[in-house]
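Working through the structure, step by step
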Amino acid sequence: MLRLTLQGMRARWVTFTGSFVALALGVGLIAATGLALAATFQAPHRGPERFAAAPVVVRATDTLRVSTPIGDRTQRLADPRAVPAEVAAELARLGRTVEDRTFQVSYASVGGGGDRTNGEGAAAAGHPWSVAAATPYRLTDGRAPRTPGEVVVAVATRERDRSGGGVAVGDRVRVVTPAGAGSRTVVGTVAATAFETAVFFTDAEAAQLSPRIDALVVHADATAVRKAVRGTGSGIDVLTGDERRRADPDPDRDSEALVSVNALLGTAAGITCFVSVFVVASTFAFAVAQRRREFGLLRTAGATARQIRRTVFAEAVLVAVPASAAGCLLGAVGAPPLAAWMVDSGVAPSWFAIGDQTWPLHTAFWTGLCVAMAGVLTSSWRAGRIKPTEALREAALDNGTMPPSRWLLGALLLLAGLGLLVWSLATDPGEALQRKTYITRPMLLIVGFALYAPVLVPPLVRLVTWLPARLPGATGLLARENAATGVRRTAAVAAPVLITVALAASLLGTTATINEAKATEAATQTTADYVVAASGDKGALPAPFVTRAQSIPGAAVSASRSTAVTVLEEGVALVRSEARAVDPAALAVVSRLPVASGRVADLDDGGIVVNEEWLNRTVGQRVRVWLGDGREVTLRIVAVLRTGTGANGVYVTPRNAPGAPVDRVDVAVRDGADATAVDEALREAGAATRTTVLTKDEWLAGSHPRSSESTRLGLLLILGIALLYTGIALANTLVMATSDRAGDLAVLRLTGATKPQVLRLVAAEALVVVAVGSLLGAAVAGLNLLGLRGALALLSVRSPLVVPWGGLGAMVAASAVLAVVAAVVPALTALRTRPVEHAGTRE
């Protein structure tokens, strides 16, 4: 039986080569994305960076810790407190102390070649010079600042050359600080670091610009320091050794960077695995289905059903084992370039690299082997059940019937996909906007529609060929009949197109629609004429700008702060919600919030505005919350906002966000005021403090609906991997299908058809199959997008669906060109042989 298996594989090398290629590439994709995903599970260990030379660092705690029945729960504080002055005085008795202050600044060179902002406008961190001794910063040129108006700046090595446009000793720079903008002289430079861009001032000027003490460097015994701090009861951390890293700027940046990379690669791995499994199973099933006549002849010659199934499984193993091994090799070779591309594109941090994990290779190998076996299981069982007397009749034509198991499985998957949609709309419409939801649902629908292909293909073929079949000539009619009767061939070739269109339309359409919905929501809720926002997540607007804006005649100004509140839900879950600290009267003039109940105007120092996502959301109910600085308070719910797209957060008063700086100013021109005068005054205030003033439309265009660059590149990575594989699978399956039809093509030639006519027929059949796959994919995407539209309507967001017609058209066109080429080339090869030599061969 083994010899018979090997002879069959040698005779049908095109079919088995196609199966090998599909499986090897599928396993390679799974292995590559798996290796990249495994590299995101652990961030590199780093010691203290900024305070590496400090013996003891004292600072206020930045972590909220709450005891629950199942243990302590923690959350990062949005606005940690300062070190109290009395604590600093107490510690000064133990030994020498250095007060550290950190505040946002930016600077630009003045004169010479014009203004050049540091880091292309990126914010820098201001510090007093005396703390530099406890940090890695050492003078590379010049001297320390001695008088107000002198600064030391961090300069990258490549910037030290004046020809490169860098800042050097003696330059005059325009520096924007919390107190406003002014010119200062660079008297020294230090080497730049990866964790921040630093600007050092004299200690006196730094204390004037930022009076709060953010940290203390203490030159004393750590035990004595802890004892002294313990007596103050002020929530102070004493950090030594590796714990000093907690005082670094954004100490969790490595692990936080990996969170987004992990989510991206997890999504990519899930889609890649799904696409690979789908295509490989379809390819192997089609390869078995192609051989029904051969199996029928074997049954007629006396082979038993068990022998047929054993032969099929032996062939699958002989193909799957080396193909899976080759795929693992491809994945191991392809993973490092994938990681390098992610680093170069900014999707992953600069230190991201593939590790030495091997479990993704084992997973990919056994996944490929199991999928190959599963792909031939049903087909081999059906082939083994063919009776000898029915063998030739069974092989002559696809009857389009499906076994009950396929009906049942397809129905379950379709009902699961649609059921999840209905369930999310009925219980939590906001879930439809989450990535895991709008990625998972199309997968269920894709497999469901693919299982029903034998039933759906014939009517769809007749639909897309209705006009071509009525045109003069036999090409349209023959293309329709060949595609409609060769159901298995048509379904196998249409499967990659189905995945391509369904995934591309669902992912691109969903993200574009959600972005448009967010932009529409922001435009509806913002009634201000101007929006001025600080750059960065922890940015702040200069106080002089805020003061000048608030004094402009005819302008209604709302200055707000970013903060956060934390609530303990059900006694065990510590949930943090982003919040804004606002003046309710000023907010009412520049916004139109989607209030579900209550009144935002009732907000006061004892109140809070929540949204419908909160567990406690009854107006008048009192809730226990922890503010951004860790203080525990009980506030009264005065209003509840609709959930919307998820951007409707929580509102408190500025008194409940004492450590948060103003980071956004909304300005509306009052009725009857001179709009031109307000515009000029506002822009003068912005120019004086180097603050960018945007109109509402400019602000919307800059922040909505564009996705971030990392999100766009991540989506490109996900779709690129999936669509490249499906494109190869489409060409591979067509080569298998067309090469197997040498007998059909020979009969056409013997009946009088010319070579160009045969090639046109093959091309027409390929286009029909692409059209069928596109329609099935469009149906899946349509259901997904309609579900999203329903969710937005239930969330009270009035926004149109955004369908990426251009991108979809390009993908369908590319699929059509690829299909025609992959069908015509093997047909042209087959036509080189005399028709009479192929006339008696199988289909």
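Attention in this report is confined to the structure presented alongside it. (Residues numbered from 1 in each chain as written. Predicted model: local features only at pLDDT ≥ 70, side-chain atom pairs only at ≥ 80, totals over all residues. Heavy atoms only, no water.)

Helices and strands together make up the secondary structure of the chain, namely 24 helices and 24 strands. Here the chain holds 843 residues, and 49% of them are scored as buried. Long-range contacts, defined as pairs at least 24 residues apart, comprise 81% of the intrachain contacts of the chain with a sequence gap of at least 6. In the form shown here, the chain has an accessible surface area of approximately 37100 Å², with 58% of it arising from carbon and sulfur atoms. (Helix = DSSP H or I, 4+ residues; strand = E, 2+ residues; numbered from the N terminus. Buried < 20%, exposed > 50% of the residue type's maximum accessible area, 1.4 Å probe, protein only. Contact = heavy atoms within 4.5 Å. Areas by Shrake-Rupley, 256 points an atom, 1.4 Å probe, with all protein chains shown as cover.)

Before going further, it helps to examine unusual backbone geometry. Positive phi values are uncommon outside glycine, yet aspartate 250 reaches one of about 50°. Inspection of the secondary structure puts aspartate 250 in the loop between β14 (236-239) and α6 (253-289). Phi at arginine 690 is positive, roughly 55°, even though this residue is not glycine. Among the secondary structure elements, arginine 690 is positioned in the loop between α18 (675-688) and β24 (694-695).

Turning our eyes to something else, we now look at the pattern of salt bridges. Here the idea is simple: oppositely charged side chains can pair when their charged atoms come close. With the rule as written, the count across this model stands at 25 salt bridges. One salt bridge in this structure joins arginine 143 and glutamate 150, with 2.8 Å as the shortest N-O distance. Between glutamate 632 and arginine 624 there is a salt bridge, and its shortest N-O distance comes to 3.2 Å. Taking the relative accessible area as the measure of exposure, arginine 624 reaches 39% and is therefore partly exposed. A cluster of three or more residues bridged by salt bridges with shared partners is formed by Arg46, Glu49, Arg245, Asp248 and Asp254. (Salt bridge = Lys/Arg side-chain N within 4 Å of Asp/Glu carboxyl O.)

Attention now goes to the sheet that holds strand β13 (residues 215-219). The strand order across the open sheet built from 4 strands is β4-β13-β1-β14, with neighbouring strands paired in antiparallel fashion. In this open sheet, the two strands that pair with only one neighbour each are β4 (96-100) and β14. Put simply, the sheet's adjacent strands are angled 20° from each other on average, direction ignored. Pairing of β4 with β13 involves 5 bridges; the strand directions are antiparallel. Each residue of the ladder has a partner; that of arginine 96, found in β13, is histidine 219. (Pairing = 2+ DSSP bridges. Axes fitted to C-alpha atoms, helices over the stretch in contact; angles between N-to-C directions.)

So, about helix α11 (residues 404-427). Taking 1.5 Å as the rise per residue, α11 with 24 residues should run 34 Å; its terminal C-alpha atoms sit 33 Å apart, in good agreement. Those residues of α11 that fall on the buried side of the exposure criterion are Gly410, Leu413, Leu414, Gly417, Leu421 and Ser424. (Expected span 1.5 Å × (residues − 1).)

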